[in-house]
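So the chains spell out like this:
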There are 2 protein chains.
Amino acid sequence: MVRRTGRRPGNPDTRDAILATARTAFAEKGYDGASIRHIATGAGVDPALVHHYFGTKDKLFLAAMNAPLDPGELIPEVLAGDQDAIGERLVRFFLSIWDSPAGKAGVAMLRSAVSSEWTAKLFREFVVSQVLRRVRQLVPMPPAEAPMRVSLVASQLAGLAMARYVIKIEPLASASPDVLVAAIGPTIQRYVFGDLSGIWPSPPPPDAAG
Amino acid sequence: MVRRTGRRPGNPDTRDAILATARTAFAEKGYDGASIRHIATGAGVDPALVHHYFGTKDKLFLAAMNAPLDPGELIPEVLAGDQDAIGERLVRFFLSIWDSPAGKAGVAMLRSAVSSEWTAKLFREFVVSQVLRRVRQLVPMPPAEAPMRVSLVASQLAGLAMARYVIKIEPLASASPDVLVAAIGPTIQRYVFGDLSGIWPSPPPPDAAG
């Protein structure tokens, strides 16, 4: 969970102004392009106050998104361990989050993400900077292949969230986690480590020059 | 495409009243539970007028959803032919629709579907009655397995639409159809016809009684 710092602001207007400015900055400039200094200027406060209220830029972004969890704390745990079962572990973890009380906030985030181009861009920055980038750093994939592989993973997991929690298509919506882990785990495993023939340009065979 | 009948109403208010009543009925009672007679009564018109304006219940539903295409016309074409390539054909067809001008209407439908519980229920009725039911009727799957298999297909395709057209996660959002067919086609093929060990309760081995 995102830990509350215990240093909640004396002035909620200031805090809200920072969050509103941060949302605009992250959506317009992207996560990397938005700086705490710029956000502070936009909100008319000192950068030190932003750090005081929110800590790091990651934490500010999570607060701006009303994210119920911190992917930076959870993802390393899920990705550690047996790489042959990473697909199953990812699906089981994903379901455990969405089936928990945090799932309601997840549906709210997804609803908000889809509601306009602007909110979709903000959500994309969240997914890319807070989730996919960490997965790429922690899972040993060829760097040239990693971006496509993780975006394929994102497509299946986004669709699982849509089908199970938003549109609620049966029997998937009521299926046990075990059933879905068995069905979808291998899909994720293949997207991360499997043979994706036809996607990558093949290297020339060893005797190509001969 | 949904063919316009050429019999557009003289009174747009009546037509809109029928559509509004139809949306409520389909969302509240489901596609099967909502009848043209009931919808006509709710809109204060004769059932014959509903048939006159919209034709069948399917066509009324498509009009109520602002569906840019008629799955009843398209799905049989896609599913005919070589069953070993059904996954690739489904992905290629899905991309051809979303990459076409109809894709904008698809994004609008998806946005609307996600915006509330009510619209999600309406969209689910659309997906189930207009798409998944037809797929189940046309593809030879064991009846006990078909509902889960088609809802898994729906999860991957919904996620593909979300990742590529709504959230726009790169490089998936800009990838060529060929790349995505090669990456995602085998996932769909496995969901439709593949080994989903661990999902179905295994039959007892032949010597279980001994």
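Predicted model only: the values in this text are computed from it and were never measured.

Cut-off values and rules
- Residues numbered from 1 in each chain as written.
- Chains lettered and ligands numbered in written order.
- Predicted model: local features only at pLDDT ≥ 70, side-chain atom pairs only at ≥ 80, totals over all residues.
- Heavy atoms only, no water.
- Helix = DSSP H or I, 4+ residues; strand = E, 2+ residues; numbered from the N terminus.
- Contact = heavy atoms within 4.5 Å.
- Areas by Shrake-Rupley, 256 points an atom, 1.4 Å probe, with all protein chains shown as cover.
- Least-squares fit on C-alpha atoms with pLDDT ≥ 70 in both.
- Salt bridge = Lys/Arg side-chain N within 4 Å of Asp/Glu carboxyl O.
- Buried < 20%, exposed > 50% of the residue type's maximum accessible area, 1.4 Å probe, protein only.
- Domains from an automatic or database assignment.
- Buried area = accessible area lost by both parts, 1.4 Å probe.
- Polar contact = N/O pair within 3.5 Å; in protein donor to acceptor, adjacent residues only side chain to side chain.
- Nonpolar A, V, L, I, M, F, W, Y, C, P; charged D, E, K, R; others polar.
- Expected span 1.5 Å × (residues − 1).
- UniProt positions renumbered as here; feature names shortened; annotations may be inferred.
- Phe/Tyr/Trp six-rings, centres within 6.5 Å; stacked < 30°, edge-to-face > 60°.
- Lys NZ or Arg CZ within 6 Å of the ring centre and 35° of its normal.

## Some thoughts on the overall build of chain A
- Along chain A, the regular secondary structure elements total 10 helices and zero strands.
- The N-to-C order of helical and strand elements in chain A reads α-α-α-α-α-α-α-α-α-α.
- Viewed in the frame of its principal axes, chain A has a C-alpha envelope of about 70 × 50 × 35 Å.
- Of the contacts made within chain A by residues no fewer than 6 positions apart, 68% connect residues no fewer than 24 positions apart.
- Carbon together with sulfur atoms contributes 58% to the accessible area of chain A, which is approximately 9,700 Å² in total.

## Looking at the relation of the copies chain A and chain B
- For these two chains of identical sequence, chain A goes onto chain B by a turn of 180° and a shift of 0.0 Å along the axis, with RMSD 0.0 Å. What the superposition gives is, in effect, a two-fold axis relating one chain to the other. No C-alpha of chain A approaches the rotation axis more nearly than that of A:Gly159, which lies at 1.7 Å.
- Here 100% of the contact residues of chain A are again contact residues in chain B; the copies associate through an equivalent surface.

## Observations regarding the pattern of salt bridges
Residue and element names in this part refer to chain B.
- What the rule picks out here adds up to 16 salt bridges over all chains.
- Arg149 is the salt-bridge partner of Glu145, the closest N and O atoms lying 3.0 Å from each other. Pair check on accessibility: Glu145 and Arg149 agree, each one buried.

## Some remarks on the domain arrangement of chain A
All names here are of chain A.
- Domain annotation for chain A reports domain 1 (12–64) and domain 2 (71–193).
- Placing the centre of domain 1 and that of domain 2 at their C-alpha centroids yields a distance of 26 Å.
- Between domain 1 and domain 2, the residue contacts involve 12 residues of the former and 11 residues of the latter.
- The contact between domain 1 and domain 2 buries some 1,000 Å² in all, and 58% of this surface belongs to carbon and sulfur atoms.
- In terms of surface lost to domain 2, no three residues of domain 1 exceed Ala27, Phe61 and Leu62, which account for 47% of the buried area on that side.
- Here domain 1 is connected to domain 2 by three salt bridges.
- Counting the contacts that link domain 1 with domain 2 gives six residue pairs in polar contact (both at pLDDT 80 or more).
- Contributions of two or more residues to the side of domain 1 that touches domain 2 are made by helix 1 (12–33) and helix 4 (57–64).
- A per-element tally of the side of domain 1 that touches domain 2 places helix 1 first, with eight residues.
- Of the residues that constitute the side of domain 1 that touches domain 2, the class distribution is five nonpolar, two polar and five charged.

## Notes on helix 7 (residues 102–115) of chain B
- Compared with the 20 Å implied by 1.5 Å per residue over 14 residues, the 20 Å span of helix 7 of chain B between its first and last C-alpha is a close match.
- Taken together, the buried positions of helix 7 of chain B are B:Ala102, B:Gly103, B:Gly106, B:Val107, B:Met109, B:Leu110, B:Arg111, B:Ala113 and B:Val114.
- Against helix 7 (102–115), helix 8 (117–138) and helix 9 (146–166) of chain A together with helix 6 (86–98), helix 8 (117–138) and helix 9 (146–166) of chain B lie the buried residues of helix 7 of chain B.

## Overview of the UniProt feature "domain: HTH tetR-type" (unreviewed entry) in chain A
- The positions that UniProt labels "domain: HTH tetR-type" (unreviewed entry) are, in the present scheme, residues 12–72 of chain A.
- Each end of residues 12–72 of chain A is marked by a C-alpha atom, and these two atoms are 26 Å apart; helix forms 79% of the span and strand 0%.

## Observations concerning the UniProt feature "DNA-binding region" (unreviewed entry) in chain A
- Those places that UniProt annotates as "DNA-binding region" (unreviewed entry) correspond, in this numbering, to residues 35–54 of chain A.
- Counted over residues 35–54 of chain A, helix gives 80% and strand 0%. Its end C-alpha atoms are 13 Å apart.

## Some words on the packing of aromatic side chains
Residues and elements named next belong to chain A.
- What the rule picks out here adds up to 16 aromatic pairs over all chains.
- Between Phe61 and Phe126, the aromatic rings sit 6.0 Å apart at their centres with planes inclined by 75°, giving edge-to-face as the arrangement. Remark: Phe126 occurs in helix 8 and Phe61 occurs in helix 4; sequence separation between them is 65 residues.
- The exposure class of Phe61 is buried, given its relative accessible area of 0%.
- An aromatic cluster of at least three residues, connected via ring pairs, comprises Phe26, Tyr31, Phe61, Phe123 and Phe126.
- Its end group placed over the ring of Tyr31, Lys57 keeps NZ or CZ at 4.7 Å from the ring centre.

## A closer look at the interface of chain A and chain B
- Counting residues at the interface gives 42 residues for chain A and 43 residues for chain B.
- Together, A:Arg111, A:Val114 and A:Ile167 form the three largest contributors to the area buried by chain A at its contact with chain B, with a combined 17%.
- On the surface where chain A and chain B come into contact, there are two salt bridges.
- The tally of links from chain A across to chain B stands at 16 residue pairs in polar contact (both at pLDDT 80 or more).
- If you list the elements that add at least two residues to the side of chain A that touches chain B, you get helix 7, helix 8, helix 9 and helix 10 (177–193) of chain A.

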